[in-house]
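Single-letter residue listing:
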Amino acid sequence: MMDNERNSTLYKYDLSLFQTKIEKMVDLTELMENEVFMAFASYTTIILSKMMFMSTATAFFRLTRKAFANPEDCAGFGKGENAKKYLRTDDKVERVRRAHLNDLENIVPFLGIGLLYSLSGPDLSTAILHFRLFVGARIYHTVAYLTPLPQPNRALAFFLGYGVTFSMAYRLLKSRLYL
Amino acid sequence: MMDNERNSTLYKYDLSLFQTKIEKMVDLTELMENEVFMAFASYTTIILSKMMFMSTATAFFRLTRKAFANPEDCAGFGKGENAKKYLRTDDKVERVRRAHLNDLENIVPFLGIGLLYSLSGPDLSTAILHFRLFVGARIYHTVAYLTPLPQPNRALAFFLGYGVTFSMAYRLLKSRLYL
Amino acid sequence: MMDNERNSTLYKYDLSLFQTKIEKMVDLTELMENEVFMAFASYTTIILSKMMFMSTATAFFRLTRKAFANPEDCAGFGKGENAKKYLRTDDKVERVRRAHLNDLENIVPFLGIGLLYSLSGPDLSTAILHFRLFVGARIYHTVAYLTPLPQPNRALAFFLGYGVTFSMAYRLLKSRLYL
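Residues numbered from 1 in each chain as written. Chains lettered and ligands numbered in written order. Predicted model: local features only at pLDDT ≥ 70, side-chain atom pairs only at ≥ 80, totals over all residues. Heavy atoms only, no water.

A few points about the overall build of chain A
Of regular secondary structure, chain A possesses 7 helices and 0 strands. Reading chain A from its N terminus to its C terminus gives the helix and strand order α-α-α-α-α-α-α. For chain A, the proportion of contacts with a sequence separation of at least 24, taken over those separated by at least 6, is 69%. Of the roughly 8100 Å² of accessible surface on chain A, 61% is carried by carbon and sulfur atoms. (Helix = DSSP H or I, 4+ residues; strand = E, 2+ residues; numbered from the N terminus. Contact = heavy atoms within 4.5 Å. Areas by Shrake-Rupley, 256 points an atom, 1.4 Å probe, with all protein chains shown as cover.)

Right, dumping it as structure tokens:
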């Protein structure tokens, strides 16, 4: 009887422990309680919001400098031939668009590789260092592109972000290659 | 003995309950049984398929309007100087390409922010409202761009999708900021 | 008593089984022990690294062919009017940029749809076939674009990758549509 009672107690204790863990997982908060994943979510949201801001910047410069890509966009500024003169490219608008495209080309790999890297169980401080360097590099890249700062400011910002993404890709492939 | 029997029964019942839950998780279907995540998966697949359709639209207009970007693409239409006249830009082709790029610029943030938002345990009906508005706005944006509809049709579609993504980013950062 | 003992033994056995499974999940390695997901992670990392290489190729051709998009980029090659002559487009640079943009337009849908497809519990060999075909097609697309190989080499590579992504989207929507 003694043994049975002890078993019973043990069993109740373990059960409640399991229950807590299991419920945590079932409602999916587990992933969001993983610190690396939460950090990735925060930095990703920030850098994607920054990238979206580039659309607003393009719209702003198109409107203030009256340089549009579509006839229907400048219909409000005049009729017929008068409106057509606004169908032109503008240096500042093109600069913002190049910065935006460069963001896209670099943030997409960060999104994919960073997500998989975050799920591969990296060291928290190493992971956060990667995320911070990338986000900092891309914000500095935008500042250097739009000001514009003399080279090699923009080039260095670009290669820093590039190197961070490759470092995550390397760690991911080294530990988890499955082809 | 009575107590032991009751415990035993309870234990069997709980065990089978656990087993179900645990097996569900081990084969990863858990994530796919989460309703918010399934909704995100469905809407994302639809909007990405729509975006891919833009490639086909570009190819279609390049072929029907004979406006190519690469010499090897128009080699079938003639030789030497005769083929070179097809190396040109065409208004309709450029319009489709701008719509495609705008899709890319807006769907990438939706992909990243929407995925993280879906995993952060939002209210199901709120989440589905976000997804529906975004997908509807982007489809309307394409229709407005390719028809083309007079402004502000396209601008409103753009800002609706933009606002939805920012709303998800805001909710995500408010509840889960970890820097 | 016999029954109780048997139960006890069963219970201990099952418990240790549970413990292993549960711990596996809590530290998130579960996702990375899923073979389909690991394969997706590996192929995605490879194709995104390939895409990032296009940035380096663009930079390489811009420098060797002295064709820049920004005044600050060619400041090192001369002053004033002398530098402005390097602000030009170059066929090879534009070709690399088109290949890069085409990558972006096709790899973004693969990223989103492939991730969700991987989580939907597909057959391992089917999933790996999809990933391999896509990665192979995109690498061949880049080779065909940059060489350049005569058509329809590039077109076939494009449509193979396109078809693979649509096949994953179809399987995903067929089994998991939730609107």
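Now that the structure has been shown, we can carry on.
Focus: the packing of helix H3 (residues 35-64) of chain B against helix H5 (residues 91-119) of chain B
Residues and elements named next belong to chain B. Running from N to C, H3 and H5 cross one another at 165°; their axes reach a closest spacing of 10 Å. Here H5 runs roughly antiparallel to H3, going by the angle between their axes. H5 is crossed by H3, and the crossing has left-handed handedness. A per-class count over the contact of H3 with H5 returns 18 nonpolar, 6 polar and 5 charged. (Axes fitted to C-alpha atoms, helices over the stretch in contact; angles between N-to-C directions. Parallel < 35°, antiparallel > 145°, perpendicular 65-115°, else oblique. Left-handed = near helix turned anticlockwise from the far one by under 90°. Nonpolar A, V, L, I, M, F, W, Y, C, P; charged D, E, K, R; others polar.)

Observations regarding the layout of surface pockets
The gaps left among the atoms become clear once a water-sized probe is rolled over them. The computed volume of the second largest pocket comes to approximately 660 Å³. Among the elements of the structure, helix H5 (91-119), helix H6 (124-146) and helix H7 (153-176) of chain A together with helix H3 (35-65) and helix H5 (91-119) of chain C are those that each provide at least two residues to the lining of the second largest pocket. With 6 residues, H3(C) is the single largest residue contributor to the lining of the second largest pocket. Class assignment of the residues belonging to the lining of the second largest pocket gives a composition of 11 nonpolar, 7 polar and 6 charged. (1 Å grid on protein atoms, 1.4 Å probe; cavity = no way out; pocket = protein on both sides within 12 Å on 5 of 7 lines; lining within 4 Å. Points joined across faces, edges and corners; volume = space filled by probe spheres on them.)

Observations concerning the packing of aromatic side chains
With the rule as written, the count across this model stands at 35 aromatic pairs over all chains. Ring plane angle 75° and centroid distance 5.2 Å describe the contact between B:Tyr162 and B:Phe166, whose orientation is recorded as edge-to-face. Of this pair, B:Tyr162 and B:Phe166 both sit in helix H7 (residues 153-176), 4 residues apart, roughly one helical turn. Residue classification places B:Tyr162 among the buried residues on the basis of a relative accessible area of 8%. Members of the aromatic cluster, each reached through a chain of ring pairs, are B:Phe37, B:Phe40, B:Tyr43, B:Phe110, B:Tyr117, B:Phe131 and B:Phe134. The ring of A:Tyr145 carries the charged tip of A:Arg154 above its face, separated from the ring centre by 4.1 Å. (Phe/Tyr/Trp six-rings, centres within 6.5 Å; stacked < 30°, edge-to-face > 60°. Buried < 20%, exposed > 50% of the residue type's maximum accessible area, 1.4 Å probe, protein only. Lys NZ or Arg CZ within 6 Å of the ring centre and 35° of its normal.)

Observations concerning the side chain of B:Lys92
All names here are of chain B. Considering the arrangement of structural elements, one finds Lys92 in helix H5. No salt bridge is formed by the buried Lys92. Its closest oppositely charged neighbour is Asp90, at 8.3 Å. At 2.9 Å, the side chain of Lys92 forms a polar contact with the backbone oxygen of Leu146. (Lys, Arg positive; Asp, Glu negative; His and termini not counted. Salt bridge = Lys/Arg side-chain N within 4 Å of Asp/Glu carboxyl O. Polar contact = N/O pair within 3.5 Å; in protein donor to acceptor, adjacent residues only side chain to side chain.)

Digging into H5(A)
All names here are of chain A. For H5, which comprises 29 residues, the first-to-last C-alpha distance of 42 Å matches the rise-based estimate of 42 Å (1.5 Å per residue) to within 8%. Burial analysis of H5 places 25 of its 29 residues in the buried class, which makes it a mostly covered element. Two to three positions downstream of the cap, the backbone nitrogen of Lys92 sits 3.0 Å from a side-chain oxygen, assigning the N-cap of H5 to Asp90. Following H5 by one or two positions, Gly121 adopts a phi angle in the positive range, close to 70°. (Expected span 1.5 Å × (residues − 1).)

So, unusual backbone geometry
In the segment running from C:Thr147 into C:Pro148, the intervening peptide bond is cis, with an omega of -15°. Mapped onto the secondary structure, C:Pro148 falls in the loop between helix H6 (124-146) and helix H7 (153-176). Of note in this structure, A:Lys66 is not a glycine but carries a positive phi near 50°. Relative to the helices and strands, A:Lys66 is located in the loop between helix H3 (35-64) and helix H4 (81-84). Residue classification places A:Lys66 among the partly exposed positions, given a relative accessible area of 31%.

Concerning empty space enclosed by the protein
On inspection of all chains with the given rule, the structure shows 4 cavities of 30 Å³ or more. Approximately 200 Å³ is the volume attributed to the largest cavity. Lining the largest cavity are 16 residues; nearest its centre among them are A:Leu111, A:Leu115, B:Leu111, B:Leu115 and C:Leu115. Within the residue set of the lining of the largest cavity, elements represented by two or more residues are H5 of chain A, H3 and H5 of chain B together with H5 of chain C.

A look at the nonpolar core
Core analysis: the largest hydrophobic core is formed by 87 residues, its most contacted members being A:Phe131, B:Leu104, B:Val108, B:Phe131 and C:Phe131. Aside from chain neighbours lying at most four places away, what touches A:Phe131 is A:Val36, A:Ala39, A:Phe40, A:Tyr43, A:Phe110, A:Tyr117, A:Ser118 and A:Met168. (Core = buried A, V, L, I, M, F, W, Y, C linked by side-chain atoms within 4.5 Å.)

Topic: the pattern of salt bridges
Per the stated rule, a full pass over the model turns up 18 salt bridges over all chains. Its salt-bridge partner being A:Arg97, residue A:Glu94 comes within 3.5 Å of it at the nearest N-O pair. With a gap of 3 residues between them, A:Glu94 and A:Arg97 both fall in helix H5, about one helical turn apart. You can call A:Glu94 partly exposed: its relative accessible area is 21%. For C:Glu72, the salt bridge identified is with A:Arg154, shortest N-O distance 3.5 Å. With C:Glu72 in the loop between H3 and helix H4 (81-84) and A:Arg154 in helix H7, this residue pair bridges two chains. Through salt bridges that share partners, A:Lys50, A:Asp103 and A:Arg138 make up one connected network.

Overview of the environment of B:Ala137
Residues and elements named next belong to chain B. Among the structural elements, Ala137 can be located in helix H6 (residues 124-146). Separated by 42 residues in the primary sequence, Ala137 and Arg95 place their C-alpha atoms 18 Å from one another. Once residues lying within four places of it in the same chain are set aside, the contact partners of Ala137 are Ala157, Leu160 and Gly161.

Considering the packing of H5(A) against H5(B)
Contact geometry for H5(A) and H5(B): axes closest at 11 Å, N-to-C directions at 35°. The chirality of how H5(A) crosses H5(B) is left-handed. For the pair H5(A) and H5(B), the contacting residues are A:Arg97, A:His100, A:Leu101, A:Leu104, A:Val108, A:Leu111 and A:Leu115 in the first and B:Leu101, B:Leu104, B:Glu105, B:Val108, B:Gly112 and B:Leu115 in the second.

Some points on the confidence of the model for chain A
Summing up the model confidence of chain A, the mean pLDDT is 80 and the portion of residues at 70 or higher is 79%. Across the predicted assembly, pTM comes out at 0.79 and ipTM at 0.75. (pLDDT = per-residue confidence, 0-100.)

Some remarks on the side chain of C:Glu72
Here C:Glu72 falls in the buried class, since its relative accessible area comes to 11%. Beyond its immediate sequence surroundings of up to four residues, C:Glu72 is in contact with A:Arg95, A:Tyr145, A:Pro148, A:Leu149, A:Gln151 and A:Arg154.

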